[in-house]
Amino acid sequence: MKTTLGLAIIAVLYSSGSTKAERIRGVLPSEEHLYVPEYSDTGEQIWRCLGDPSIVLSYNQINDDFCDCPDGSDEPGTNACPFNPERMFYCENEGYYPNYIENYKLNDGVCDYDICCDGSDEYATGKCPNKCKEIKEQFEEYKKNALQVIESATNNREKLILDAAEERKMVEMSISALRNKLKDLELAEKPATEKIENENTNVNKIKPHLDAVSELLESQIKSEALKDKKIEYLESVLSKLMNGYNPNFNDLVVKESVSSFKEYLSNSETETPKAATKEDLNRLTDLILANIPEGEDSTPTFGNYIHQQYLKAIEKFSGGQQVLENTKISTEKQSQNEKLKKQLKQELVIYEGDLDRDYGPHEILRAVKSTRIGGKLDEYNYLLEFFGTIYQDNVLIGQFERFENNALYYSNGAKCWNGPKRSAVVHLLCGAESKLLSVSEPEKCEYSFEMTSPIACDNNSEKEILSKFRINYDLL
Ligand code: MAN
């Protein structure tokens, strides 16, 4: 029973805020554990500077409006220490969004409701009552409208993502069409003989016979030549004998040989070549004829005959003389083909390069790559092309370089007089339409644009709504 009552009291203490009252002013909840006191040997509550634990303070020196720690950690809730961006004052803004404010804005008599809607930044002056409830109502109203815009912007973004995928498909299709065209051109260029052989396997039946003819002729020629040499030699021996023998020696064998040789010499000019060679060739010709259609009337020479039969065979098996002509690609046509191939290859390189380019998340920039957004901002007309250039009137501000963290980067613009080449960063904010909002020149010839676009609508949009929300102080 006692225990239950004890627990109930603790619960009441927590919910009534007495624990909060003990919180160290200005410290964010996740750092509260760094402000727990230690106990010295004498039992005194002590605390060490966060940036330098060798500096030991009495616990009540925290927020005593006197700066003891070099990093300002002993004064999280006052402006006694110099401003340290790492140690901002934490406004709890209960019921709304917690936030941080620079310590030099504390108790300066100004209600910084856009940061601390609870007025806690003016705790000492007491000038600023808590307005979190009213501000929250304003924000909710603003958010409702903003969400409607975001919804239509997100729909537009989804459409753009689909368009981008479609664009990619088109590029892929163009690549495959170009590759096919190139393949066709290369096929058409294959050497004529190769084509005949590929297309007319029947001609191949004849070819071995023709090869055999030439082989036979070759060996025939060789053997004839050898025979001629032998005959020449024998003729020279017999000539010697014929011219040098002594007719006074009554050698009948010699006399008979010489007279036979003389007879041989007188007949040799009219002698015909050996029939065997021709017979062999005829036999082979018959073989060829067995594979080809009816020949024409007899041909004047064997060479011509073979040639004619060969052409006939090609005609029969390959669809006619046309094939021969078709396969003979004229040099003119060849150079035309070369030109076309070169052009196709160049196009292919462009398309293939395009597939590798960085078009951002979901390749969304593909869908808007040549969309142009124009607008007059301050004294100049600006023209922006997402994946192209930005112009300030006629001056080139930059050329698209990359898309990173919802910002488009452009560089390599026209050179600035006495300065760098112009460049720009375009910060994108979620919006249903693409529209240039503002431009500034933080550094000479370095431009910073703000632009709405559906391509910038992602899951952080709620945060973005808050950052764009402005309090209407008249209503507070
Ligand atoms: C022009 C504009 C300006 C730029 C100056 C620099 O006037 O491009 O934005 O600052 O040139 O000389």
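Criteria and thresholds
Residues numbered from 1 in each chain as written. Predicted model: local features only at pLDDT ≥ 70, side-chain atom pairs only at ≥ 80, totals over all residues. Heavy atoms only, no water. Disulfide = S-S within 2.5 Å. Helix = DSSP H or I, 4+ residues; strand = E, 2+ residues; numbered from the N terminus. Buried < 20%, exposed > 50% of the residue type's maximum accessible area, 1.4 Å probe, protein only. Near = heavy atom within 4 Å. Polar contact = N/O pair within 3.5 Å; in protein donor to acceptor, adjacent residues only side chain to side chain. Nonpolar A, V, L, I, M, F, W, Y, C, P; charged D, E, K, R; others polar. Salt bridge = Lys/Arg side-chain N within 4 Å of Asp/Glu carboxyl O. Core = buried A, V, L, I, M, F, W, Y, C linked by side-chain atoms within 4.5 Å. Contact = heavy atoms within 4.5 Å. Pairing = 2+ DSSP bridges. Axes fitted to C-alpha atoms, helices over the stretch in contact; angles between N-to-C directions.

Enquirer: Quick one: what's the story with the state of the cysteines, residue by residue and with numbers?
Expert: Under the defined criterion, the tally for this structure stands at seven disulfides. A sulfur-sulfur separation of 1.7 Å characterises the disulfide bridge that pairs Cys91 with Cys116. One end of the pair, Cys91, is in strand β4 (residues 89-91); the other, Cys116, is in the loop between β5 (99-101) and α3 (132-188), and 25 residues separate them in sequence. Taken as a pair, Cys91 and Cys116 share a single burial class, namely buried. Sulfur-sulfur distance for the disulfide between Cys117 and Cys132 comes to 2.0 Å.

Enquirer: Any details on the site of the ligand? Residues and values, ideally.
Expert: Around the ligand, the surrounding shell consists of Tyr380, Gln392, Cys416, Arg422, Glu441, Lys444, Cys445 and Tyr447. Gln392 is positioned such that a nitrogen or oxygen atom in its side chain is 2.6 Å from an oxygen atom of the ligand. Note that an oxygen atom of the ligand is positioned 2.7 Å from one of the side-chain N or O atoms of Tyr447. The residue makeup of the shell around the ligand, split by class, is four nonpolar, one polar and three charged.

Enquirer: Describe the pattern of salt bridges, listing the residues and the values that go with them.
Expert: As enumerated under the stated definition, the model contains 17 salt bridges in all. The shortest N-O distance in the salt bridge between Lys169 and Glu166 comes to 3.9 Å. One end of the pair, Lys169, and the other, Glu166, are both in helix α3, three residues apart, so they sit about a helical turn from each other. A relative accessible area of 45% means that Lys169 is categorised as partly exposed. Of the residues examined, Glu166 reaches a relative accessible area of 43% and is grouped as partly exposed. We note a salt bridge from Glu363 to Arg366, for which the minimum N-O separation is 3.1 Å.

Enquirer: Describe the nonpolar core, naming the residues involved and giving the relevant values.
Expert: Grouped together as the largest cluster of nonpolar side chains are 30 residues, with contacts concentrated most on Leu365, Leu384, Phe386, Leu408, Val426 and Phe449. Once you skip the residues sitting within four places of it in the chain, Leu408 turns out to touch Leu365, Phe386, Phe400, Arg402, Phe403, Ala424, Val425, Val426 and Leu428. By size, the runner-up hydrophobic cluster in this structure holds 16 residues, among which are Tyr113, Ile135, Ala432 and Ile465.

Enquirer: Quick rundown of the sheet that holds strand β8 (residues 389-392)? Include the residues and the values.
Expert: Taken in spatial order, the eight strands make up an open sheet running β6-β7-β8-β9-β10-β11-β13-β12, and their pairing is mixed. Of all the strands in the sheet, the pair left with one neighbour each is β6 (372-377) and β12 (435-443). Averaged over neighbouring strand pairs, the angle between their axes works out to 25° when direction is ignored. Both strand β9 (residues 395-404) and strand β10 (residues 407-412) contribute to a ladder of six bridges, which runs antiparallel.

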